[in-house]
Amino acid sequence: MSAAANSTPSQAPARRSSFLASGLGVALFSSAVFGLSGSFAKSLLETGWSPGAAVTARLTGAALILAVPALPALKGRWHQLRNNWMTIVLFGLIGVAACQLFYFNAVARLSVGVALLLEYLAPVIIVLWLWAASRKRPRALTFGGTLLSLGGLVLVLDLTGAVTVDLVGVLWGVAAAVCLAMYFFITAKENDTLPPIVLASGGLLVGAAVMWLAAATGLLPMAFSTADTRLGPWVAPWWVSLAGLVVLATVLAYVSGIMAARALGSKVASFVSLTEVLFAVIWAWLLLGELPGAIQLLGGVLIVGGVILVRLDELRGPAAVTEEGAAADTGKSPGAGKAAALPAASPLEHANDVEPVP
């Protein structure tokens, strides 16, 4: 046997470890640039931009840039658009246009950190909806995570009045969370025929078209400004903030997110994406001078902790529970007859390769 053959088993774990580390690095980079969106958007909103104008400019610019790699991906496979047009349209309407518009409206009235924490209640909304629809109590870990997040929400809202929270802004944030939850329901069904970059580009294009249509009909106020924006200690032209919002917080965030999902698996990548909340708070502190109050930060920790418990329960999956139940019914040890005992995963057990843009 050759020396190369002898070295293969020992080298394989090292290669896998290096690949995992690379995937985690890309996932963290994606979270970091996604977290910039609120700060760049707020710097524009403070100069007179309306939330609708900021969203429209972001979607239009990102859609045009992402169309460059998306078109070659569809070469010879244009039927994929016809077969998946409903998913693309719903993703664009809800996961892109509505979700971003509601989030930017929340950012206009709340700190970036609080607005994003409200949006991250989406997994809890999904749990509560499934509980009500199926009338089946969630597993202990999911149930505990839900209660923890709801307790964190109370602290984020700071009902004691130590920090003034705009009620309309809170409603916008909750609306963004509902859209995010709906997005997961829409795209939870596994689809291996549509490249993620095509779904991202198509959804952004649909979202941009909807925003322009709403503006043309007068349903959506559009206000732009060419005044300089302030980012931390720097004063920059308006296009710097817009370019950051489009290129960094959208295009690079999407591309790196897709790379992370493919390297780590979509569930693990979505789990790592929870760090976006931390990055968003840090960026808002550095670039806008915003920092939630101590009570709100504690509430944010509880919300993120609750979502982590829900995600951990999701990563566990139904396999262990089903396997134990099957063993009890048959009198066999867990693992016996696994292929026959385990049902297919529910639709929401498949996390998405393309996360919605917050």
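The structure contained in this document is the topic of the report that follows. Every chain is numbered independently, its residues counted from 1 as its sequence is written. Residue-level local features of this predicted model are given only where pLDDT is at least 70; pairs of side-chain atoms are given and counted only at 80 or more, and the full residue set underlies all totals for whole chains, interfaces and linings. Each side-chain value is derived from all of the structure's non-hydrogen atoms; neither hydrogens nor water enter the calculation.

Where helix α5 (residues 85–109) meets helix α6 (residues 112–119), the closest approach of the two axes is 8 Å, and the angle between their N-to-C directions is 140°. Our pair here, α5 against α6, has a crossing hand that is right-handed. Counting all contacts with α5, which are made through Cys99, Tyr103, Ala106 and Val107, the residues of α6 involved are Val112, Ala115, Leu116 and Glu119. Residues are grouped as follows: Ala, Val, Leu, Ile, Met, Phe, Trp, Tyr, Cys and Pro are nonpolar; Asp, Glu, Lys and Arg are charged; every other residue, Gly included, is polar. Of the residues belonging to the contact of α5 with α6, the class tally is seven nonpolar, no polar and one charged. Helix axes are fitted to C-alpha atoms over the stretch in contact, other axes to C-alpha atoms as well, and angles between N-to-C directions run from 0 to 180 degrees. Counting from the N terminus, the helices are DSSP H or I runs at least four residues long and the strands are E runs at least two residues long. Take the far helix as your reference; a near helix turned counterclockwise from it by less than a right angle gives a left-handed crossing, and one turned clockwise gives a right-handed crossing. For this analysis, residues touch if any pair of their heavy atoms sits within 4.5 Å.

Attention now goes to a nonpolar patch on the surface. A grouping of Leu278, Ile282, Trp285, Leu286, Leu291 and Leu297 is seen on the molecular surface, where their side chains present a nonpolar patch of about 580 Å² in accessible area. Along the chain, tryptophan 285 turns up in helix α13 (residues 275–288). Exposure above 30% relative accessible area and the lack of any salt bridge qualify a residue for a patch; like charges then connect within 9 Å, and the nonpolar side chains Val, Leu, Ile, Met, Phe, Trp and Tyr within 5 Å. With residues, only the protein chains shown are counted as cover, and all accessible areas are computed by Shrake-Rupley using a 1.4 Å probe. The rule for a salt bridge is simple: a side-chain nitrogen of Lys or Arg has to be within 4 Å of a carboxyl oxygen of Asp or Glu.

A word on the side chain of serine 241. Counting through the fold element by element, serine 241 comes out in helix α11 (residues 238–264). The cut-offs for exposure are 20% and 50% of the maximum accessible area for each residue type, with area from a 1.4 Å probe on protein chains only; residues under the lower value are buried, those over the upper are exposed, and the others partly exposed. A relative accessible area of 0% means that serine 241 is categorised as buried. As used in this structure description, the phrase polar contact means that two N or O atoms lie within 3.5 Å; if the pair is within protein, one of them must be able to donate a hydrogen and the other to accept it, and residues adjacent in sequence are counted only when both atoms belong to side chains. Side chain to side chain, serine 241 and serine 43 meet in a polar contact 3.0 Å long. Dropping the residues within four chain positions of it, serine 241 is found in contact with Phe40, Ser43, Leu44, Thr229 and Leu231.

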